[in-house]
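Residues per chain are reported as follows:
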Amino acid sequence: MVPHLITALTGPINELEARILESMPAIERWFRLEWMEHTPPFYTAVDIRNAGFKLAPVDTNLFPGGFNNLTPEMLPLAVQAAMAAIEKICPEAKNLLLIPDNQIRNTFYLTHIRRLVQIFTQAGLNVRLGSLDPALKEPTTLALPDGSELALEPLLRTRGRLGLKNFDPCTILLNNDLADGVPQVLQGLHEQYLLPPLHAGWSARRRSKHFNSYEEVAKKFAKLLGMDPWLINPMFAQCGELNFSSASGLDCVQSSVDALLTKIRRKHKEYGIAEKPFVVVKADVGTQGFGLVTVRDAKELEAAGSRAVEALRTLDAEHPLGDVIIQEGVPTYERVNDAVAEPVVYMIDRYVVGGFYRVHAERGVDENLNAPGSRYVPLAFAESHHLPRLGEKPGASAPNRFYMYGVIGRLAMLAASYELEATDPDAEVYD
């Protein structure tokens, strides 16, 4: 199903689409040269917003949880990418240990894990699941809605290696974002490949570092195409030590919101955009899409009992003190059956393997769609993969639109690569 694109069919994004298609050979060569210098994350999911006047990533997930949303037609791409990734890391690999999150009662997540098992099994690996839950002492069978099952087993640590009973893997694949810290059992593994690395988890990662890296990537890419990087880059600011429970320390947030809104207004005036700008305030550490606060005027943060301030109080209940990122809001003007939608692009290694639309019938164009009530519609990568159709009229070709999504997704993935290099694990000390 191809969504009905409204504003996306006119304005600067149309020009951007034309420029990207004209520059495709240069773009692909540029990516190849970048990947000669940098190592892509093992797998990545990027949330993208298409405002018609701007196309930009708003979040990058290094522990994707929605592979079950990819259509069966997309699986060959995923399997081929998985093969390439594994061969590059451990050519002799036979066994893969997959460590999921502890959401074993979430059937949606379990369906995602089963899809990962399917992809890596078809890539030629023996795949078994190990649990980080210390309470799990015996192998456990998990039932899925369609009647299939997954077996989850307790981890066994032997000196520098991690495995399961009668299972010694070459590679360990984490699908746990480590938001609660790095468990002892994962530390000091020097004899196996741990993917993604520990510093890709939210115990070390920060959104502000990622978007700082993305800004660098966007500037390089924009120079290649001779365009304004703002068209693909959400501006942002960062504030530290905000007390989420009392909302104290708001001065930095207020001044940053005011300054960022001023910058956005300037850009809107430059491009003749009538949209009223807004910013999104969210925790600098991952919150799985929850607790985002939309602000259209810094004055909304002045009154102690205001809706925005009350929303900030609930931003991160488990960690009352923390940093926040204030990000330029990018509205989405894509629709699936009149419901607001945003594309999510999935990648393994440096390859786009598919994607889907996150759709929410009860949310507005300026709201977070990663919320209860959202549903998922496959992108049309299945038919065309992500190969564009040269010569098509800008804005009229779905494959061209999806190729653009793939380019933006890969830019965010490259930024994640820069980010991980800048936070080298050798410089990290985990307690």
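Relevant structure appears above.
Residues numbered from 1 in each chain as written. Predicted model: local features only at pLDDT ≥ 70, side-chain atom pairs only at ≥ 80, totals over all residues. Heavy atoms only, no water.

Hey, could you go over the sheet that holds strand β6 (residues 140-143) for me, with residue numbers and the actual values?
Reading across the sheet, the 6 strands line up as β6-β7-β5-β4-β10-β11 and stay open at both edges, with mixed pairing between neighbours. One side of each edge strand has no neighbouring strand; the edge strands of this open sheet are β6 and β11 (193-195). Within the sheet, the average angular offset between the axes of one strand and its neighbour, ignoring direction, is 30 degrees. The sheet contact formed by β6 and strand β7 (residues 149-154) spans 4 bridges and is antiparallel. The residue bridging Ala143 from the neighbouring strand is Glu149, located in β7. Packed on one face of the sheet, helix α4 (residues 107-122) meets β4 (95-100), β5 (126-131), β6, β7 and β10 (171-175) and runs near 165 degrees to β4. (Pairing = 2+ DSSP bridges. Helix = DSSP H or I, 4+ residues; strand = E, 2+ residues; numbered from the N terminus. Axes fitted to C-alpha atoms, helices over the stretch in contact; angles between N-to-C directions. Contact = heavy atoms within 4.5 Å.)

So what about helix α2 (residues 24-37)? Which residues, and what values?
Given a rise of 1.5 Å per residue, 14 residues ought to cover 20 Å, and the 20 Å separating the end C-alpha atoms of α2 matches this to within 8%. Buried within α2 are the following residues: Ile27, Trp30, Phe31, Glu34 and Trp35. Down the axis of α2, the buried side of the element spans an arc of 130 degrees, and every buried residue falls inside it. Every exposed residue of α2 that faces more than 90 degrees away from the buried side is listed here: Pro25 and Met36. (Expected span 1.5 Å × (residues − 1). Buried < 20%, exposed > 50% of the residue type's maximum accessible area, 1.4 Å probe, protein only. Arc of directions from axis to C-beta.)

Lay out the environment of Leu21 with the relevant residues and their values.
Residue placement: Leu21 occurs in helix α1 (residues 12-22). Sequence-wise, Leu21 and Met404 are 383 residues apart; in three dimensions their C-alpha atoms are separated by 8.5 Å.

Outline the state of the cysteines, supporting the account with residue identities and numerical values.
By definition, a disulfide links the sulfur atoms of two cysteines through a covalent bond. Counted according to the given criterion, the structure contains 2 disulfides. Here Cys90 is linked by a disulfide to Cys170, with a sulfur-sulfur distance of 1.8 Å. Here the disulfide of Cys90 and Cys170 is right-handed, its torsion about the S-S bond being about 130 degrees. Taken together, the residues Cys90 in the loop between α3 (75-89) and β4 and Cys170 in the loop between β9 (161-163) and β10 connect sequence positions 80 residues apart. The disulfide that involves Cys239 links it to Cys252, with 2.1 Å between the sulfurs. The S-S bond linking Cys239 to Cys252 shows a torsion near -85 degrees; that makes this disulfide left-handed. Residue Cys239 is located in strand β12 (residues 236-243), and its partner Cys252 is located in helix α6 (residues 250-271); the two are separated by 13 residues in the primary sequence. Each disulfide in the protein links cysteines that, numbered along the sequence, combine into the pattern 1-2, 3-4. (Disulfide = S-S within 2.5 Å.)

Please give an account of the pattern of salt bridges that cites residues and values.
Per the counting criterion, the structure on display carries 16 salt bridges. Glu34 is the partner of Lys220 in a salt bridge, and the nearest nitrogen-oxygen pair spans 4.0 Å. Remark: Glu34 occurs in helix α2 and Lys220 occurs in helix α5 (residues 207-225); sequence separation between them is 186 residues. Judged by relative accessible area, which is 34%, Lys220 ranks as partly exposed. (Salt bridge = Lys/Arg side-chain N within 4 Å of Asp/Glu carboxyl O.)

Go over the packing of aromatic side chains with me, naming the residues and quoting the values.
In this description, a pair of aromatic rings is defined by centroid distance and the angle of the planes. Enumeration over the complete set of coordinates arrives at 14 aromatic pairs. Between Tyr357 and Tyr405 the ring centres are 6.4 Å apart and the planes differ by 85 degrees, which places this aromatic pair in the edge-to-face class. Linking Tyr357 in strand β18 (residues 351-360) with Tyr405 in helix α9 (residues 398-422), this pair joins segments that are 48 residues apart in sequence. Among the aromatic side chains, those forming a connected cluster through ring pairs are Phe42, Tyr43, Phe67, Phe108, Phe120, Tyr346, Phe356 and Tyr376. (Phe/Tyr/Trp six-rings, centres within 6.5 Å; stacked < 30°, edge-to-face > 60°.)

Quick rundown of the packing of α2 against α5? Include the residues and the values.
Closest axis-to-axis distance for the α2/α5 pair is 11 Å, and the angle between their directions is 145 degrees. For the pair α2 and α5, the sense of crossing is right-handed. Facing α2, whose interface residues are Ala26, Ile27, Trp30 and Glu34, α5 presents Val217, Lys220, Phe221, Leu224 and Leu225. For the contact of α2 with α5, the class distribution of residues is 7 nonpolar, no polar and 2 charged. (Left-handed = near helix turned anticlockwise from the far one by under 90°. Nonpolar A, V, L, I, M, F, W, Y, C, P; charged D, E, K, R; others polar.)

Please provide a residue-by-residue account of the pairing of β7, values included.
Inspection of the sheet shows β5 paired to β7 by 3 bridges, in the parallel sense. Across the sheet, Gly130 pairs through a bridge with Glu153, a residue of β7. Connecting β6 to the next strand, β7, in antiparallel fashion are 5 residues, including Gly147 with a positive phi near 95 degrees.

Which residues make up empty space enclosed by the protein, and what values go with them?
Over the atoms, a rolling probe the size of a water molecule traces out where space has been left empty. In total, this model carries 1 cavity of 30 Å³ or more according to the counting rule given. For the largest cavity, the calculated volume is near 50 Å³. Lining the largest cavity are Phe53, Ile264, His268, Glu275, Lys276, Pro277, Phe278, Glu328, Gly329 and Pro331. Looking at the lining of the largest cavity residue by residue, the classes come out as 5 nonpolar, 2 polar and 3 charged. (1 Å grid on protein atoms, 1.4 Å probe; cavity = no way out; pocket = protein on both sides within 12 Å on 5 of 7 lines; lining within 4 Å. Points joined across faces, edges and corners; volume = space filled by probe spheres on them.)

If you had to explain the nonpolar core to someone new, which residues and values would you point to?
With 68 residues, the main nonpolar core has Tyr214, Ile232, Val253, Val257, Ile326, Tyr357 and Leu411 as its most contacted residues. No other element matches α9, which puts 12 residues into this core. If we ignore the near neighbours within four places in the chain, the residues touching Ile326 are Met235, Phe236, Ala237, Cys239, Val253, Ser256, Val257, Leu260, Val279, Val280 and Val281. Among the nonpolar cores identified, the runner-up in size contains 42 residues, and Leu110, Ala123, Leu152 and Leu173 belong to it. (Core = buried A, V, L, I, M, F, W, Y, C linked by side-chain atoms within 4.5 Å.)

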